[in-house]
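The lines below spell out each chain.
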Amino acid sequence: MSTVLEAMEQAALSSLAAATNSEELEAWHQDYLGRKGKVTVFMRSIGSLPAEERPQAGQAGNQLRLLLEERHTARQTEIREVELARALVEETIDVTLPGRRPWTGGLHPITLTLRRMYAIFAEMGFQVYRSREVESDLYNFELLNMPPEHPARDMWDTFYVSDSVVLRTHTSPGQMRAMRDYCPEPVRVIVPGKCYRYEQVTARSEFMFHQVEGLAIGTDITLADLKGVMATFARRMFGPERQMRFRASYFPFTEPSVEVDMDCIICGGEGCRVCKHTGWVEIAGAGMVHPTVLRNGGYDPEQFSGFAFGMGPERIAMILNDVDDIRYFYGNDLRFLRQFGNL
Ligand code: DAH
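This is a predicted model, so every value here is computed, not measured.

A. Broad picture of the site of the ligand. In the region of the ligand, 16 residues are neighbours, and His170, Ser172, Gln175, Arg197 and Glu213 sit closest. One of the side-chain nitrogen or oxygen atoms of Arg197 is found 2.9 Å away from an oxygen atom of the ligand. Contact distances for the ligand include 3.3 Å between an oxygen atom and a backbone N or O atom of Phe309. Relative to its free-state accessible area of 360 Å², the ligand is covered by the protein chains to the extent of 92%. Residue assignment for the shell around the ligand shows that the elements contributing at least two residues are strand E6 (208-218), strand E9 (280-289) and strand E10 (305-311). A per-class count over the shell around the ligand returns 6 nonpolar, 8 polar and 2 charged.

Pasting the structure below:
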């Protein structure tokens, strides 16, 4: 009997010495002292021994159990110390490291561009006038001097909501709403907002983009005023050196109509990728408000005149930031968006 316990004791003590971490120690405890452990099983078997052997076996078994519990506790203390020492080394926190900056939202590059535009036009006396994105055919086309079947409607590929309701293809219908709101007072507004066109998405065109419309109506407004406003805008936005030129063009709602070019900010007119080697970049369509449009807005063209213009903030942001593909703006790639100013 005692040889069995001696062998058990030796095996237990040597495997206890071999346990090097809490998990192994716990397994060892189960193995010898747990409910189905070797010592426990031995103690349970005492009842089946001859009566005279029982007291001695019981005593010896108890002694072994107490010894093993005691050694277990001692080994546990050792192992915990080692584990704590290791944790203190491995899990040190360098409290002198700078903290991680929490992520914050930022303004979209087009929002930033729009805000700069508002500020520049505000200095010239233009108020922001908001107009609807879902428009009637009447305002988007007809009142702008494009009756049904007018060929100029082909300049705008249109999303129709119904036969007579469209997603505005430009901000120009905002001109008509502003005139009808303000008439017979003079008007000086910009109309910023989203526009939609049923078009192939390419590096140069998106189906949704922004425009900033401008409109000034008064009693003695001339093309020279338009030129001054355009030149002032370009110089505030792109730098005091900027040169302008007007090219004759056609829009149904202006007469005369022009396209406004500015010398290229990248090459200063030498010719480069941004200006497609012409030295000039287009920044607006514009003109003197057509008499029919003035009349539709409630103004007598004999007494009132005005200029209007339409600009694309995406295009302006592309020129300013040397972005060569408009799709980046609405691709929602944070690597792109994060490069622009934060709040
Ligand atoms: N609405 C025109 C477009 O979307 C741009 C434009 C041209 C606006 C001339 C104007 C203007 O106000 O006078 O292409």
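B. Representation of the pairing of E9. In terms of burial, E9 is a largely internal element, 8 of the 10 residues being buried. Bridging between strand E8 (residues 254-263) and E9 involves 8 bridges; their strand directions are antiparallel. Bridge pairing in E9 places Thr254 opposite Val289.

C. Representation of the state of the cysteines in the model. This model, assessed by the stated rule, comprises 0 disulfides. Cys264 takes part in no disulfide bond, and the closest cysteine sulfur, belonging to Cys272, lies 3.7 Å away.

D. Representation of the packing of aromatic side chains within the structure. Scanning the model with the defined rule gives 18 aromatic pairs in all. Where Trp156 meets Phe253, the ring centres are 6.0 Å apart and the plane angle is 35°; that geometry is what we call tilted. Residue Trp156 is located in the loop between helix H6 (137-140) and strand E3 (160-162), and its partner Phe253 is located in the loop between strand E7 (244-249) and E8; the two are separated by 97 residues in the primary sequence. The class for Phe253 is buried, based on a relative accessible area of 7%. When the ring of Phe329 is compared with that of Tyr330, the centres are 6.5 Å apart and the planes differ by 55°; the resulting orientation is tilted. Classification of Phe329 by relative accessible area gives buried; the value is 0%. On the basis of relative accessible area, Tyr330 is assigned to the partly exposed category, the value being 26%. The structure contains a cluster of three or more aromatic residues connected by ring pairs, namely Phe121, Phe126, Phe233, Phe307 and Phe309. The ring of Tyr32 has Lys38 sitting right over it, with the charged end atom 4.8 Å from the ring centre. The ring of Phe246 has Lys227 lying over it, and the distance from NZ or CZ to the ring centre is 5.7 Å.

Reading guide: rules and limits
- Residues numbered from 1 in each chain as written.
- Predicted model: local features only at pLDDT ≥ 70, side-chain atom pairs only at ≥ 80, totals over all residues.
- Heavy atoms only, no water.
- Near = heavy atom within 4 Å.
- Polar contact = N/O pair within 3.5 Å; in protein donor to acceptor, adjacent residues only side chain to side chain.
- Areas by Shrake-Rupley, 256 points an atom, 1.4 Å probe, with all protein chains shown as cover.
- Helix = DSSP H or I, 4+ residues; strand = E, 2+ residues; numbered from the N terminus.
- Nonpolar A, V, L, I, M, F, W, Y, C, P; charged D, E, K, R; others polar.
- Buried < 20%, exposed > 50% of the residue type's maximum accessible area, 1.4 Å probe, protein only.
- Pairing = 2+ DSSP bridges.
- Disulfide = S-S within 2.5 Å.
- Phe/Tyr/Trp six-rings, centres within 6.5 Å; stacked < 30°, edge-to-face > 60°.
- Lys NZ or Arg CZ within 6 Å of the ring centre and 35° of its normal.

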